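# Secondary and tertiary structure notes
Now for the letters of each chain:
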Amino acid sequence: MNVVTIARETGLDVPRKNAGYRLDDRCINALKVLAERTGVSVNEYLENLLFEHAKVQRVIAPEEQRLGETRGRKKETTDRSGAGRKPKADQQDETEEG
């Protein structure tokens, strides 16, 4: 019995594991470009690509679903540029006082 079958039967989430692979530099660069085009991380893009390919090759059952997003970000991201920084007006007040 494989991990996917066990997880489905027991109702447990299938864990993500770290894995390292040596890849052609062109493949790595292509993954970065393709992930950026689709608005996801390289890890998420690669996982989705491999998951769908494994389903087509019948290594993963066709009815299986990908894991939910658990990588520390919400599916709908908002612009957080400058998060945690004080507004410029507040920064100027501090430098003038000091």
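Just so we're clear, the structure is a prediction, and the values are computed from it rather than from any experiment. (Residues numbered from 1 in each chain as written. Predicted model: local features only at pLDDT ≥ 70, side-chain atom pairs only at ≥ 80, totals over all residues. Heavy atoms only, no water.)

## Re the overall build of the chain
Looking only at helices and strands, the chain features four helices and zero strands. Listing every helix and strand of the chain by position from the N terminus yields α-α-α-α. Looking at the chain as a whole, 11% of its 98 residues qualify as buried. For the chain, the proportion of contacts with a sequence separation of at least 24, taken over those separated by at least 6, is 44%. (Helix = DSSP H or I, 4+ residues; strand = E, 2+ residues; numbered from the N terminus. Buried < 20%, exposed > 50% of the residue type's maximum accessible area, 1.4 Å probe, protein only. Contact = heavy atoms within 4.5 Å.)

## Some remarks on unusual backbone geometry
A positive phi angle, close to 65 degrees, is found at R58, a residue other than glycine. Relative to the helices and strands, R58 resides in the loop between α3 (42-56) and α4 (88-97). On the basis of relative accessible area, R58 is assigned to the exposed category, the value being 70%.

## As for the pattern of salt bridges
In this structure the tally under the stated criterion is three salt bridges. Between R26 and D24 there is a salt bridge whose closest N-O contact spans 2.5 Å. (Salt bridge = Lys/Arg side-chain N within 4 Å of Asp/Glu carboxyl O.)

## Comments concerning a nonpolar patch on the surface
Together, Y21, L23 and I28 make up an exposed nonpolar region whose accessible area comes to about 330 Å². Secondary-structure assignment places I28 in helix α2 (residues 25-38). Relative accessible area serves as the criterion here: at 32%, I28 is assigned to the partly exposed category. (Patch = residues over 30% accessible without salt bridge, like charges linked within 9 Å, V, L, I, M, F, W, Y side chains within 5 Å. Areas by Shrake-Rupley, 256 points an atom, 1.4 Å probe, with all protein chains shown as cover.)

## Points about the confidence of the model for the chain
Fine structural detail should not be taken from predicted coordinates in areas where pLDDT scores are low. Mean pLDDT over the chain: 76, with 55% of residues reaching 70 or higher. The least confident element of the chain, judged by mean pLDDT, is helix α1 (residues 3-10) at 51; the most confident is α2 at 97. (pLDDT = per-residue confidence, 0-100.)

## Some thoughts on α3
In a regular helix each residue adds 1.5 Å, so 15 residues correspond to 21 Å; α3 covers 21 Å between its end C-alpha atoms and thus fits that length. Within the span of α3, buried status applies to E44, Y45, F51, A54 and K55. Contacts from the buried residues of α3 go to α2. R58 lies just past α3 and shows a positive phi near 65 degrees. (Expected span 1.5 Å × (residues − 1).)

## Concerning the packing of α2 against α3
Taken N-terminus to C-terminus, the directions of α2 and α3 make an angle of 95 degrees; their axes are 9 Å apart at the nearest point. As the angle between them shows, α2 and α3 are arranged roughly perpendicular. Where α2 approaches α3, its residues L31, K32, L34, A35 and T38 are matched on the opposing element by V42, Y45 and L46. Of the residues contributing to the contact of α2 with α3, the split by class is six nonpolar, one polar and one charged. (Axes fitted to C-alpha atoms, helices over the stretch in contact; angles between N-to-C directions. Parallel < 35°, antiparallel > 145°, perpendicular 65-115°, else oblique. Nonpolar A, V, L, I, M, F, W, Y, C, P; charged D, E, K, R; others polar.)

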